[in-house]
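One-letter residues, chain by chain:
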Amino acid sequence: MEKILQIENLTKNFGNLRALSSIQFDLNKGEIVGIIGPNGAGKSTLLNIISGVTPLDKGRIIFNGVDITNKRTFERCRLGIVKTSQIVQPFSKLTVFENIYLAAIYGGREKSKEASTKAEEIICFLNLKHLKNEYGGNLTLHEKRRLDFGRALATQPSILLLDENMGGLIPDEIDEALRFIKDINQSGVSIIIVEHVMSVVRGVSDRVVVLNYGEKIADAATEEVFNDKNVLKAYFGE
Ligand SMILES: Nc1ncnc2c1ncn2[C@@H]1O[C@H](COP(=O)(O)OP(=O)(O)O)[C@@H](O)[C@H]1O
Ligand SMILES: [Mg+2]
């Protein structure tokens with residue numbers, strides 16, 4: 001299998017706290033990898049380091065065979081690595097269309113005409129047509145999350161990093177989000193998903209990596225991980 005992302009020996013400290021300890025894993029092209037672990041395990045830190053928001057202390061990040069460890073966030077975005085965040089932050093004074101359009105421009109591969117076409121396409125794909133001219137600030141949480149997806153997609157990622165995008169959603173909304181994730185993946189985007197809701201991770205991931213206090217304690221096919229004694233122990237105690 002072709003590796004699109006290689007995390008090598010990644011270590012991160014915050015002061016005396018070791019948030020990540022020699023983490024090693026690969027993302028294969030076309031794969032969805034779930035990352036789970038108790039609160040504070042280092043999941044968000046890991047995604048932030050991959051997207052370039054947080055600098056690492058030690059280790060390397062290889063994207064399509066190229067070392068991107070020292071690349072900045074916007075450079076990684078232009079290469080095709082983009083993250084949606086736990087905190088929903090569309091521009092509230094811009095419309096849905098403008099939000100997605102700007103993301104397409106930021107992605108850097110678009111002229112204004114193409115960005116506009118791209119934004120229209122994404123609005124259709126995400127069933128946001130009726131909200132196209134609505135201000136970001138007027139959307140419901142669910143709609144904001146969808147817009148967040150839209151902004152991420154507009155950058156034309158080859159790797160999409162999702163950090164707890166489903167918090168606060170009702171089951172129907174989660175199902176819809178899951179369908180979007182599967183469709184996005186089908187369109188050729190490799191995905192790393194961090195999600196609190198276990199059924200979500202179990203439902204979409206080809207493989208699951210488990211973090212516990214900054215250590216990787218499992219990395220295997222999804223069902224194997226969910227039957228792993230060490231994993232169950234990390235979650236539920238003895
Ligand atoms: N900017 C920061 N400064 C100091 N400590 C941090 C910072 N970000 C995260 N941490 C700490 O690093 C650990 C891992 O956090 P995080 O990656 O957010 O965990 P998770 O997303 O798995 O809940 C936690 O103990 C957290 O308190
Ligand atoms: Mg987190």
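Residues numbered from 1 in each chain as written. Chains lettered and ligands numbered in written order. Predicted model: local features only at pLDDT ≥ 70, side-chain atom pairs only at ≥ 80, totals over all residues. Heavy atoms only, no water.

Enquirer: So what exactly am I meant to see when it comes to the layout of surface pockets here?
Expert: Remark: the empty space left among the atoms is shown by a probe the size of a water molecule rolled over them. As a volume, the second largest pocket reaches approximately 230 Å³. What lines the second largest pocket is simply K118, E121, I122, F125, L153, Q156, P157, I184, S187 and V189. Counting residues per element, the lining of the second largest pocket draws most heavily on helix α4 (residues 112-125), which supplies four residues. Across the lining of the second largest pocket, the residue classes break down as six nonpolar, two polar and two charged. (1 Å grid on protein atoms, 1.4 Å probe; cavity = no way out; pocket = protein on both sides within 12 Å on 5 of 7 lines; lining within 4 Å. Points joined across faces, edges and corners; volume = space filled by probe spheres on them. Helix = DSSP H or I, 4+ residues; strand = E, 2+ residues; numbered from the N terminus. Nonpolar A, V, L, I, M, F, W, Y, C, P; charged D, E, K, R; others polar.)

Enquirer: I'm lost on the sheet that holds strand β4 (residues 58-63) in this one. Help?
Expert: Strand pairing in a sheet relies on backbone hydrogen bonds, with the paired strands running either antiparallel or parallel. Strand order in the open sheet formed by four strands is β2-β1-β4-β5, and the pairing between neighbours is antiparallel. Since the sheet does not close on itself, it has two edges, and those belong to β2 (17-28) and β5 (66-67), each with one partner. Note: β4 against β5, two bridges, orientation antiparallel. Looking across to β5, one finds that I62 is bridged to D67. Contacts between helix α1 (residues 43-51) and the sheet are confined to β1 (3-14), β2 and β4, with β1 contributing the most and set at about 120° to the helix. (Pairing = 2+ DSSP bridges. Contact = heavy atoms within 4.5 Å. Axes fitted to C-alpha atoms, helices over the stretch in contact; angles between N-to-C directions.)

Enquirer: How should the site of ligand 1 be read in this particular structure?
Expert: In the vicinity of ligand 1, the residues found are F14, L17, A19, P38, N39, G40, A41, G42, K43, S44 and T45. One of the side-chain N or O atoms of K43 is found 2.8 Å from an oxygen atom in ligand 1. One nitrogen or oxygen atom from the side chain of S44 is found 2.9 Å from an oxygen atom belonging to ligand 1. When the free accessible area of ligand 1 is taken as 560 Å², the share hidden by the protein chains comes to 56%. When residues of the shell around ligand 1 are traced back to their parent elements, those giving at least two are β2 and α1. Broken down by element, the residue count for the shell around ligand 1 peaks at three residues, all from α1. In the shell around ligand 1, the residues fall into five nonpolar, five polar and one charged. (Near = heavy atom within 4 Å. Polar contact = N/O pair within 3.5 Å; in protein donor to acceptor, adjacent residues only side chain to side chain. Areas by Shrake-Rupley, 256 points an atom, 1.4 Å probe, with all protein chains shown as cover.)

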